[in-house]
Amino acid sequence: MADKREVKTGPAGARNQDLLSYACGLGGWLLPGLGHALLKMWGRAVVTFVLVGVLVLAGVSLRGNVFASAGPDAFSTLGYLADLGAGSFYFAARSFETLGPDVSKAAGDYGTRFLAAAGILNLLCALHACEVARGRKA
Amino acid sequence: MALTHIQAMLLFAVVASAIFAVITRRGWKEQIKYALWCFFLFLLVGVAVGWAMYPISR
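Residues numbered from 1 in each chain as written. Chains lettered and ligands numbered in written order. Predicted model: local features only at pLDDT ≥ 70, side-chain atom pairs only at ≥ 80, totals over all residues.

1. Comments concerning the environment of Val 132 of chain A
All names here are of chain A. Position of Val 132 relative to the elements: it lies in helix H6 (residues 106-134). Note: C-alpha distance between Val 132 and Leu 20 (112 residues apart in sequence) is 9.9 Å. Apart from the residues lying within four places of it in its own chain, the contact partners of Val 132 are Leu 39 and Lys 137. (Helix = DSSP H or I, 4+ residues; strand = E, 2+ residues; numbered from the N terminus. Contact = placed C-beta atoms within 7 Å.)

What follows is the structure, encoded as structure tokens:
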């Protein structure tokens, strides 16, 4: 994987680096893998996209709970924040899950956890891309 | 789609291990080694916690 990147020095270089890191963080959150793709880390981008996608698909197929913003309690709000971490995949999951959640069975519970895990793992990847763009991580 | 407990655990372990490896290690050999190690630990801890809960499961 192409990990070596040149870091321009000076105020303009630092500003560009900041912009790139914000773009990588935001892009990586919006579309899993986009942050790494912007840094030309193609392998990491593909792995992130596929694995987060697999977890979201599994979560939706198992009829997990895709939390909405207006939750009745703190746990729903936490679930919403975790789900939202998957970016565009969260909105795709909401539109795909036409039958609604079914957490009366264990499968639905697994689905809920998969969706939350997908969001958290995607946030982790977006933060990694952001840090790489800042030159703090390889 | 229906998954058993062990299948769900395996799916989560595979995905989480692969992502941990990809963002913490450089070079595919190191990444594969780390992913396998994480996967093994996920399974070990999952089975250990399962057995730890066995006495209170009935």
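2. What to know about the nonpolar core
Judged by nonpolar contacts, the single largest core of 46 residues is most densely connected at Leu 55, Val 56 and Ala 118 of chain A together with Ile 19 of chain B. Of all the secondary structure elements, the ones that give two or more residues to this core are helix H1 (10-30), helix H3 (42-61), helix H4 (74-84), helix H5 (88-96) and H6 of chain A together with helix H1 (5-24) of chain B. By residue number, the principal contributor to this core is H6 of chain A, which donates 15 residues. Setting aside anything within four residues of it in sequence, one finds Ala 118 of chain A in contact with Val 52, Leu 55, Val 56, Gly 59, Ala 86 and Phe 89 of chain A. (Core = buried A, V, L, I, M, F, W, Y, C linked by C-beta atoms within 7 Å. Buried ≥ 20, exposed ≤ 12 C-beta atoms within 10 Å, placed from the backbone.)

3. Here's the deal with the interface of chain A and chain B
Taken together, the 19 residues of chain A in the interface contact 13 residues of chain B. Of all the secondary-structure elements, those providing two or more residues to the side of chain A that touches chain B are H3 and H6 of chain A. For the side of chain A that touches chain B, the residue count by class is 14 nonpolar, three polar and two charged. (Nonpolar A, V, L, I, M, F, W, Y, C, P; charged D, E, K, R; others polar.)

4. Considering unusual backbone geometry
If you check the backbone angles, Lys 40 of chain A has positive phi at about 60° while not being a glycine. Its location among the elements puts Lys 40 of chain A in the loop between helix H2 (34-38) and H3.

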